[in-house]
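In case you want the letters, here they are:
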Amino acid sequence: MSSRDRFERGTDGPRVILVGVDGSPTSLRAAAYAAGLARRQGSRLVAVYVAEPAPAMAGWVPAAQAVIRDATAEVDAELRAELAHAARHLGVDAEYRTARGDPVTEIARIADALPADAVLVGASEQAGHRVVGSVAVRLVRLGRWPVTVVP
């Protein structure tokens, strides 16, 4: 295999930009930033929404599982519609994916499979993440792609 045939990441700017979205204000700012970057660079934008499993305690309340499932589906549908509208408006090649599980695990899996040249996420607004580690910090620690954290 010659050096010309190998995949080289980021030589002419990102070809595939992955943005993690969850409906929070910071994730929506990250999506807007990623969309603008994709438009300027002529990149493909892949937005990923990861639905986390319901907390174990939700099983104690009979209707909780259904409420959580409905809320997750509603957020998913709204994000999908917003991305489609923004992509049409900006003229960006965009794709929306939904995954289930741990956000870091799923974002990393999809970023590796694409392969993504850049990963963008919103900064966590939860104080506890300073101790445990936010999605953004955990993605940066993986060190497999450039990660931009949008405040």
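Quick note: structure is the one above.
Residues numbered from 1 in each chain as written. Predicted model: local features only at pLDDT ≥ 70, side-chain atom pairs only at ≥ 80, totals over all residues. Heavy atoms only, no water.

A. Representation of a negative patch on the surface. On the surface, a cluster of negative charge is made up of Asp70, Glu74, Glu78 and Glu82. Along the polypeptide, glutamate 74 turns up in helix H2 (residues 64–90). (Patch = residues over 30% accessible without salt bridge, like charges linked within 9 Å, V, L, I, M, F, W, Y side chains within 5 Å. Areas by Shrake-Rupley, 256 points an atom, 1.4 Å probe, with all protein chains shown as cover. Salt bridge = Lys/Arg side-chain N within 4 Å of Asp/Glu carboxyl O. Lys, Arg positive; Asp, Glu negative; His and termini not counted. Charge placed at Lys NZ, Arg CZ, Asp CG, Glu CD. Helix = DSSP H or I, 4+ residues; strand = E, 2+ residues; numbered from the N terminus.)

B. Focus on the pattern of salt bridges. All chains considered together, the criterion is met by five salt bridges. Salt bridges sharing partners connect three or more residues here, namely Arg44, Glu95 and Arg97.

C. Structural view of the pairing of strand E1 (residues 16–21). The buried count for E1 comes to six of six residues, which makes it a mostly enclosed element. Direction of pairing for E1 relative to strand E2 (residues 44–51): parallel, over a ladder of six bridges. By the bridge assignment for E2, isoleucine 17 is matched with leucine 45. The handedness of the E1 to E2 crossover, carried by helix H1 (residues 25–41), is right-handed. Here E1 runs beside strand E4 (residues 118–122); their pairing, made up of three bridges, is parallel. By the bridge assignment for E4, leucine 18 is matched with valine 119. (Buried < 20%, exposed > 50% of the residue type's maximum accessible area, 1.4 Å probe, protein only. Pairing = 2+ DSSP bridges. Right-handed = clockwise from strand over helix to strand, strands pointing away.)

D. Layout of H1. With 17 residues, H1 extends 24 Å from end C-alpha to end C-alpha; this agrees with the ideal 24 Å at 1.5 Å per step. Three or more residues of H1 are buried, namely Thr26, Ser27, Ala30, Ala31, Ala34, Ala35, Gly36, Leu37 and Ala38. Of the surrounding secondary structure, the elements contacted by the buried residues of H1 are E1, E2, H2, E4 and strand E5 (147–150). In the stretch just after H1, glycine 42 is the one whose phi turns positive, near 70°. (Expected span 1.5 Å × (residues − 1). Contact = heavy atoms within 4.5 Å.)

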